Amino acid sequence: MATRNDFFNLYQHGFARVAVATPSVRVGDPRFNLTGTLALMRAAARRKALLAVFPELGLTAYSCEDLFHQRALIDGAEAALAELLARSRRLPIAALVGLPVPVDGLLYNCAALICQGRLVGVVPKTYPPNYREFYELRHFTPGDTAVARDVTLAGQRVPFGTDLLFRLAEIPGFVLFPEVCEDLWVPVPPSTFAALAGATVIANLSASNVVIGKHEYRQELASNQSARCIAAYLFSAAGAGESTTDLAWDGHAMVWENGTLLAESRRFSDQPQLTVSDVDLERLAADRMRQNSFGMSMRRHAGEVQRFRSVEFSLPPPRGRLVLERRVPRYPYVPDHPATRDARCEEVYRIQVQGLATRMRATDTQKLVIGVSGGLDSTQALLVCARAMDELGLPRRQILAYTMPGFATTSRTRNQAWQLMRAIGANAGEIDIRPSCEQMLKDLGHPFAKGNKVYDVTFENVQAGERTSHLFRLANHHGAIVVGTGDLSELALGWCTYGVGDHMSHYNLNASVPKTLIKYLIGWVAGSGQFERAVNRALERVLTTEISPELVPGTKHGQPTQLTESIIGPYALQDFHLYYTLRFGYAPTKIAFLAWHAWQGKDGYALSEIRRWLKVFITRFFQTSQFKRSALPNGPKVGSGGSLSPRGDWRAPSDGTAEAWLADLERVPLSAR
């Protein structure tokens, strides 16, 4: 029976904890190496990992050279394996250890999977290198030439070969494939076909001596292979204790997940190390499901895929409360590192500019019409318009920018709009929409037209509709196109007025940009030196303005009382929910679990708040807003986090229901206590 703590257990949300071990070894001393291996297995088990990966030939050390032809060393390695099996029988963890294994009179460099006293299987190295400092063919036979399909080792008869997939019975998504060092360096690593056959966790038992620049190359290889295979890639290089007769060793350990580095060891340590992280198996499954070319490759290489054998082993995952040992960013759309963030902002900005400039060339348009509110979205769109005009060699005066005050427009945003339009050099104007709104409200028989302070949805949408109607007719009048300003977050939550409202434009620059990223985009532009100081001063004021549609009159002079985030939730949280819904299709329980991890601590959100706003997101996203997204104007996609265009990443029925998601949300506790 599921308990309350199941929600707080990472294994209940599609994660699996893995460890990459870097022991200190003695060359040619299997008993010493056994002791170090066992100690790190115990440490990994205490940290609730399911798997520990050790370096290549770790029970003997890699740098034994011709000692591998000595019977004492070969027998000593097997004896050490047998003792390791016996002494790890009660440890709730599996491990991959390296040792030389004689089979049919030939010697193989092998990875052995052990689990609670059971030897599960043995995988030989496919590509023993024989160039530069490597002489492995002097000692070892390529694994794919072996005839034997089983081997007796440490008193157990087990599967043997380069075609073994190890499936964890309790976690169907955990399918393990080991390869050994050089296997990753070849044009088509064995793990490529193993991934097509179902492997989700690839472990590389490596020695990999260090030379200048090699650790960066290892990173590139492991990163790319994890991305190509849409898999986790665990890499363990030999470290302290290996012979330095001619080589050096840095003990480089890494955990990658579909191209993302989760954890990495400290290189050149003289102490044993354990590098631990939590792999998101559900993310891998989601990406493989969506990327249909992965399935195409599987069919294309059916011959290689079908040769794999599955070996099942059992290891119940830890129960109870167990939080993640991986960082969950609060802002998944915004990189944490300043340099990376700046590069991301520049790329998004260039995508927007290129998209608009291309549309203008295609339509032979030389003028743009844009509504400027003094808020974030229209500010970013206006900046893009200015840069597009510069690139096309057109004067910025051909940007026809209008601020259109209504019943609730504050003096602050109105002044900011004017300051920005003038600083940019646009042809700035102002249209007071109140008279036309009053006429429409009168025509509708709305209570406001009779002096009653009724501020309902009709009252709000009349203003939004009047603004958009004016913009389209201005575009007709001046031979221009209307530039849209609404962002991805608003589209996700349906926070826009449908049709003749802020929902519609001729081309929407921000349609794929979330609110949390737009703030950084504006900040990046301000610091990039592209515009004059007057523009930057205007941008600084925009960035400190509270987000409001300014459609309902306030009671305080110059201050809005209608705050967007108090109605639809904090954009920081809703963008988090959107990313994991759209990018991976996670269930609300997992999204809440991730949000709880990300937003604990200072300036964060309690689990009860996350649950509350996630319910708002689910209802608005899945049930009440899709009809708006089904009729979106064109706009450029900017990131893999998705777009909501029906011609792009998101196709959904407008009359769907949110019941399945809301039912899953009920499993989220009301508090973390």
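Conventions adopted
Residues numbered from 1 in each chain as written. Predicted model: local features only at pLDDT ≥ 70, side-chain atom pairs only at ≥ 80, totals over all residues. Heavy atoms only, no water. Helix = DSSP H or I, 4+ residues; strand = E, 2+ residues; numbered from the N terminus. Buried < 20%, exposed > 50% of the residue type's maximum accessible area, 1.4 Å probe, protein only. Contact = heavy atoms within 4.5 Å. Areas by Shrake-Rupley, 256 points an atom, 1.4 Å probe, with all protein chains shown as cover. Lys, Arg positive; Asp, Glu negative; His and termini not counted. Charge placed at Lys NZ, Arg CZ, Asp CG, Glu CD. Axes fitted to C-alpha atoms, helices over the stretch in contact; angles between N-to-C directions. Parallel < 35°, antiparallel > 145°, perpendicular 65-115°, else oblique. Left-handed = near helix turned anticlockwise from the far one by under 90°. Core = buried A, V, L, I, M, F, W, Y, C linked by side-chain atoms within 4.5 Å. Phe/Tyr/Trp six-rings, centres within 6.5 Å; stacked < 30°, edge-to-face > 60°. Salt bridge = Lys/Arg side-chain N within 4 Å of Asp/Glu carboxyl O. Pairing = 2+ DSSP bridges. Right-handed = clockwise from strand over helix to strand, strands pointing away.

> Explain the overall build of the chain to me, and be specific about the residues and the numbers.
Tallying secondary structure elements over the chain gives 21 helices and 20 strands in all. Taken over the C-alpha atoms alone, the chain extends approximately 100 × 60 × 45 Å along its principal axes. Across the 673 residues of the chain, 58% fall into the buried class. Considering only contacts in the chain between residues 6 or more positions apart, those separated by 24 or more positions represent 75%. About 27,700 Å² of surface is accessible on the chain, with carbon and sulfur atoms providing 50% of the total. For the chain, the distance from the average position of its 74 positive side-chain charges to the average position of its 64 negative side-chain charges is 5 Å.

> Explain the packing of helix H1 (residues 30–46) against helix H2 (residues 71–87) residue by residue, including any values.
One can describe the packing of H1 onto H2 by two numbers: an axis separation of 9 Å at closest approach and a directional angle of 30°. Here H2 runs roughly parallel to H1, going by the angle between their axes. Helix-helix and strand crossings are classified by hand; for H1 and H2 the assignment is right-handed. Contacts from Pro30, Arg31, Leu34, Thr37, Leu38, Met41 and Arg42 in H1 reach Leu73, Gly76, Ala77, Ala80, Glu83, Leu84 and Arg87 in H2.

> Explain the nonpolar core to me, and be specific about the residues and the numbers.
One finds Leu51, Phe174, Leu234 and Leu356 to be the most contacted residues of the largest nonpolar core, which totals 158 residues. With sequence-adjacent residues up to four places away left out, Leu356 is seen in contact with Leu368, Val384, Cys385, Ala388, Ile481, Val483, Tyr507 and Leu509. Among the nonpolar cores identified, the runner-up in size contains 39 residues, and Ala45, Ala80, Leu91 and Tyr108 belong to it.

> Outline the packing of aromatic side chains, supporting the account with residue identities and numerical values.
Overall, the coordinates contain 31 aromatic pairs when judged by the stated rule. An angle of 65° between the planes, with centres 5.9 Å apart, marks the rings of Tyr62 and Trp249 as edge-to-face. Taken together, the residues Tyr62 in the loop between strand S2 (51–53) and H2 and Trp249 in the loop between strand S11 (232–236) and strand S12 (253–257) connect sequence positions 187 residues apart. Overall, the relative accessible area of 11% leaves Tyr62 in the buried class. Judged by its relative accessible area of 9%, Trp249 is buried.

> Give me the pattern of salt bridges: which residues, what numbers.
Enumeration over the complete set of coordinates arrives at 34 salt bridges. Note that Lys125 is salt-bridged to Glu56, the shortest N-O span being 2.8 Å. With Lys125 in the loop between strand S5 (118–124) and strand S6 (150–153) and Glu56 in the loop between S2 and H2, this pair connects stretches of sequence that are 69 residues apart. Taken individually, Lys125 and Glu56 each receive the classification buried, so the pair is uniform in this respect. With its nearest N and O atoms 3.0 Å apart, the salt bridge here joins Arg309 to Asp163. Of this pair, Arg309 sits in strand S15 (residues 309–313) while Asp163 sits in the loop between strand S7 (156–159) and strand S8 (164–168), and the two are 146 residues apart along the sequence. According to the relative accessible area criterion, Arg309 is buried, its value standing at 16%. You can call Asp163 buried: its relative accessible area is 8%. What emerges from the salt-bridge pattern is a single network uniting Glu257, Arg283, Asp287, Arg326 and Arg583.

> Got a sec to walk through the pairing of S8? Specific residues and values, please.
Counting buried positions along S8 gives four out of five residues, so the element sits mostly inside the fold. Direction of pairing for S8 relative to S15: parallel, over a ladder of five bridges. Across the sheet, the residue bridging to Leu168 is Phe313, located in S15. Bridging between S8 and strand S9 (residues 175–180) involves two bridges; their strand directions are antiparallel. Of the residues in S9, the one forming a bridge with Arg167 is Val175. Counting the residues between successive antiparallel strands, the hairpin from S8 to S9 contains six residues.

> Report on the side chain of Thr564, specifying residues and quantitative values.
The topology assignment puts Thr564 in helix H16 (residues 564–568). Here Thr564 falls in the buried class, since its relative accessible area comes to 2%. Once you skip the residues sitting within four places of it in the chain, Thr564 turns out to touch Trp495, Ile547, Ser548, Pro549, Gly569 and Tyr571.

> Provide a residue-level description of the side chain of Asp183, including the pertinent values.
Examined against the element boundaries, Asp183 turns out to sit in the loop between S9 and helix H3 (190–196). Summary of buried charges: Asp183 has no salt-bridge partner, and the nearest side chain of opposite charge, Lys125, is 6.2 Å away. Each residue touching Asp183, except ones within four places of it in the same chain, is listed here: Lys125, Thr126, Tyr127, Pro189 and Pro190.

> I'd like a rundown of the sheet that holds S12, residues and numbers included.
Within the open sheet, the seven strands sit side by side as S13-S12-S11-S10-S9-S8-S15. Their pairing is mixed. Two strands bound the open sheet, and with one partner strand each, they are strand S13 (260–264) and S15. The sheet shows a mean angle of 25° between the axes of neighbouring strands, direction not considered. Strand contacts of helix H4 (residues 214–228): S11, S12 and S13, with the helix running at about 30° to S12, the strand carrying the most contacts.

> Go over the sheet that holds strand S1 (residues 15–22), please, and point to the residues and values.
On the basis of which strands lie adjacent, the open sheet formed by six strands has the order S5-S4-S3-S2-S1-S14 and mixed pairing. In this open sheet, the two edge strands, each paired with only one partner strand, are S5 and strand S14 (273–280). For this sheet, the mean inter-axis angle between neighbouring strands, taken without regard to orientation, is 30°. Relative to strand S4 (residues 106–115), strand S3 (residues 94–103) runs antiparallel, the two being bridged by 10 bridges. For Gly98, the partnering residue across the bridge sits in S4 and is Ala111. Packed onto the sheet, helix H5 (residues 281–290) meets S1 and S14 and runs at close to 45° relative to S14.

> I'd love a proper account of the pairing of strand S17 (residues 399–403), names of residues and values included.
Taking burial as the measure, the five residues of S17 include five buried ones, the bulk of the element. Going residue by residue along S17, you find Ile399, Ala401 and Thr403 tucked away on one face and Leu400 and Tyr402 tucked away on the opposite face as well. In terms of strand pairing, strand S16 (residues 368–371) meets S17 through four bridges, oriented parallel. Its bridge partner being in S17, Val369 is matched across the sheet by Leu400. As for the winding sense of the linkage, the β-α-β connection from S16 through helix H9 (residues 376–392) to S17 is right-handed. Sheet analysis places S17 next to strand S18 (residues 427–430), joined by four bridges and oriented parallel. Looking at the pairing, Leu400 lines up with Asn427 of S18. In this fold, the crossover linking S17 to S18 by way of helix H10 (residues 411–424) has right-handed handedness.

> Could you give an account of the packing of helix H18 (residues 588–598) against helix H19 (residues 607–624), with specific residues and numbers?
With their axes 10 Å apart at the nearest point, H18 and H19 run at an angle of 140° to one another. With respect to H19, the axis of H18 lies oblique. The handedness of the crossing between H18 and H19 is right-handed. The segment H18 lies against H19, with Pro588, Ile591, Ala592, Ala595 and Trp596 engaging Leu607, Ile610, Leu614 and Ile618.

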